[in-house]
Amino acid sequence: MAMKYLDITGVGIEFDTNGTKFRALQNVNLKMDQGEFVSLIGHSGCGKSTVLNIVAGLYNATEGGVVLEGKEVLEPGPDRAVVFQNHSLMPWLSVYENVELAVNQVFRKSKTKAERKEWIEHNLKLVNMDHALHKLPGEISGGMKQRVGIARCLAMQPKVLLMDEPFGALDALTRAQLQDSLMEIQAELGNTVIMITHDVDEAVLLSDRIVMMSNGPAATIGEILDVNLARPRDRLELAEDPEFVHLRQQVLEFLYAKHSHPEKKPSTEVAEAVVLETAIEGAVATEAGATKIEAA
Ligand SMILES: Nc1ncnc2c1ncn2[C@@H]1O[C@H](COP(=O)(O)OP(=O)(O)OP(=O)(O)O)[C@@H](O)[C@H]1O
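Residues numbered from 1 in each chain as written. Predicted model: local features only at pLDDT ≥ 70, side-chain atom pairs only at ≥ 80, totals over all residues. Heavy atoms only, no water.

Caption draft 1: Representation of empty space enclosed by the protein. Per the counting criterion, the structure on display carries 1 cavity of 30 Å³ or more. Of the voids in this model, the largest cavity is the one considered here, and its volume is about 30 Å³. Around the largest cavity, the lining residues are Val127, Arg147, Ile150, Leu178, Ser181, Leu182 and Ile185. When residues of the lining of the largest cavity are traced back to their parent elements, those giving at least two are α4 (142-155) and α5 (172-189). When residues are assigned to domains, the lining of the largest cavity turns out to be shared by domain 1 (6-74 + 159-250) and domain 2 (80-157), each giving three or more. (1 Å grid on protein atoms, 1.4 Å probe; cavity = no way out; pocket = protein on both sides within 12 Å on 5 of 7 lines; lining within 4 Å. Points joined across faces, edges and corners; volume = space filled by probe spheres on them. Helix = DSSP H or I, 4+ residues; strand = E, 2+ residues; numbered from the N terminus. Domains from an automatic or database assignment.)

In structure tokens form, the structure reads like this:
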């Protein structure tokens, strides 16, 4: 079979927590084209973040692996930028400086200072944050912080944008605005995106495909749903579109009829601590130096 842009093949992972082995993922296979937008959906604790962390290079798979544009993923790198649920901006740096940090890391050698400045401003404009360049994260709203986090990732021109519930902490209206912005940016830039979400409508609205995961332990991909709704997509029109309603129904059925009973699993505390840690590493998991966790 021909290599795809992003190839996740036979991925499994077993964690070793204080001598107890826990198999989180088993035989996960996903092949993505360049420019594709894929959502991962599944019950809490099934392994969505673990898949993302493996693609990010933050976790090493126990079996199988990830190949991006012909190159095996072995560690974090600026070709895979991560947007976390909680922005992970450096609180002491301005909006501009937060993006600058990432841009300098990737483009210090290839762009002049003036070009970098223009590039930072361009990316903040893409997310409608060019009006607040000199504000600190503490001086802007949650939705604005998330916009800056997205701009920071986009500015690195990653091959793949990895988003872990990027709008999960936002109110419904802000979330809708950011979803629309993301669709516009995606239409303009053609980013390849993997996004974790718990929101069925969000998955259908944004995705080309929805990857639905079975419950763990040993979670895997249960079904993949193609979303062939025409773009650009308008949330109001789609609300009554029979195809949208049908797709939504299929995801709900998967989650609540076919896989409704998540089995008891060890606490997710460890995973959460790891994600928090990587978030604090901040300026970027996006940055090549982020913490890497070895699996058992
Ligand atoms: N570093 C780790 N060490 C041990 N166990 C882990 C680690 N990371 C994840 N796990 C376990 O793997 C399973 C999958 O966790 P993961 O965070 O990937 O799930 P999730 O689907 O993203 O959950 P949620 O939707 O609640 O964020 C959980 O049982 C979790 O406890």
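Here the narrative resumes.
Caption draft 2: Broad picture of the pattern of salt bridges. A full pass over the atoms with the stated rule returns 15 salt bridges. A salt bridge links Lys4 to Asp33, with the shortest nitrogen-to-oxygen separation between them at 2.9 Å. In this pair, Lys4 sits in the segment before β1 (6-17) while Asp33 sits in the loop between β2 (20-32) and β3 (37-41), placing the two residues 29 residues apart along the sequence. Residue class for Lys4 comes out partly exposed when judged on its relative accessible area of 30%. Residue class for Asp33 comes out partly exposed when judged on its relative accessible area of 35%. Via salt bridges that share partners, Glu14, Arg23 and Glu63 belong to a single interconnected network. (Salt bridge = Lys/Arg side-chain N within 4 Å of Asp/Glu carboxyl O. Buried < 20%, exposed > 50% of the residue type's maximum accessible area, 1.4 Å probe, protein only.)

Caption draft 3: Summary view of the pairing of strand β8 (residues 192-196). Burial runs high along β8: 5 of the 5 residues are buried. Note that β3 and β8 share 4 bridges and pair parallel. Each residue of the ladder has a partner; that of Val38, found in β8, is Ile194. A crossover connection joins strand β7 (residues 160-164) to the parallel β8 through α5; in handedness this β-α-β unit is right-handed. (Pairing = 2+ DSSP bridges. Right-handed = clockwise from strand over helix to strand, strands pointing away.)

Caption draft 4: Layout of the sheet that holds strand β5 (residues 71-72). The strand order across the open sheet formed by 4 strands is β2-β1-β4-β5, and the pairing between neighbours is antiparallel. The sheet is open, and its two borders are formed by β2 and β5, each paired with just one other strand. Taken together, the 2 bridges between strand β4 (residues 63-68) and β5 define a ladder with antiparallel strand orientation. Each bridged residue has a counterpart across the sheet, and for Val67 the counterpart in β5 is Glu72. Taken strand by strand, helix α1 (residues 48-56) contacts β1, β2 and β4, and its axis lies near 115 degrees from that of β1. (Contact = heavy atoms within 4.5 Å. Axes fitted to C-alpha atoms, helices over the stretch in contact; angles between N-to-C directions.)

Caption draft 5: Highlighting the nonpolar core. Leu124, Ile210 and Val251 are the most contacted members of the largest nonpolar core, which totals 53 residues. Looking at which domains feed residues into this core, each of domain 1 (6-74 + 159-250) and domain 2 (80-157) gives three or more. Apart from residues no more than four positions distant in its own chain, Leu124 is found in contact with Val95, Tyr96, Val99, Met129, Asp130, Leu133, Val148 and Ala151. (Core = buried A, V, L, I, M, F, W, Y, C linked by side-chain atoms within 4.5 Å.)

Caption draft 6: Spotlight on the UniProt feature "domain: ABC transporter" (unreviewed entry) in the protein. As recorded in UniProt, the feature "domain: ABC transporter" (unreviewed entry) lies at residues 3-240. Helix makes up 34% of residues 3-240 and strand 26%, whereas the separation of the span's terminal C-alpha atoms amounts to 38 Å. (UniProt positions renumbered as here; feature names shortened; annotations may be inferred.)

Caption draft 7: Broad picture of the packing of aromatic side chains. Counted by the stated rule, this structure contains 2 aromatic pairs. When the ring of Phe15 is compared with that of Tyr59, the centres are 5.4 Å apart and the planes differ by 80 degrees; the resulting orientation is edge-to-face. Within this pair, whereas Phe15 is found in strand β1, its partner Tyr59 is found in the loop between α1 and β4, the two being separated by 44 residues in sequence. You'll find Phe15 and Tyr59 in the same group, each marked buried. The aromatic ring of Phe107 is capped on one face by Lys111, whose charged end is 4.8 Å from the ring centroid. Of note, Lys111 hangs over the ring of Trp119, and the distance from its end group to the ring centre comes to 4.9 Å. (Phe/Tyr/Trp six-rings, centres within 6.5 Å; stacked < 30°, edge-to-face > 60°. Lys NZ or Arg CZ within 6 Å of the ring centre and 35° of its normal.)

Caption draft 8: Looking closely at unusual backbone geometry. Cis geometry marks the peptide bond from Gly216 to Pro217; its omega dihedral reads -5 degrees. Tracing the backbone shows Pro217 in the loop between β9 (209-213) and β10 (221-226). That bond from Arg231 to Pro232 is cis: its omega, 0 degrees, falls within 30 degrees of zero. If you check the backbone angles, Asn18 has positive phi at about 50 degrees while not being a glycine. The topology assignment puts Asn18 in the loop between β1 and β2.

Caption draft 9: Up close: the packing of helix α2 (residues 95-107) against helix α3 (residues 113-126). Between α2 and α3, the shortest axis-to-axis distance is 10 Å and the interhelical angle comes to 125 degrees. Accordingly, the angle class assigned to the pair α2 and α3 is oblique. In this structure, the crossing between α2 and α3 has a hand that is right-handed. Packed against α2, whose contacting residues are Val95, Tyr96, Val99, Glu100, Val103, Asn104 and Phe107, the element α3 presents Arg116, Lys117, Trp119, Ile120, Glu121 and Leu124 at the interface. Grouping the constituent residues of the contact of α2 with α3 by class yields 8 nonpolar, 1 polar and 4 charged. (Parallel < 35°, antiparallel > 145°, perpendicular 65-115°, else oblique. Left-handed = near helix turned anticlockwise from the far one by under 90°. Nonpolar A, V, L, I, M, F, W, Y, C, P; charged D, E, K, R; others polar.)

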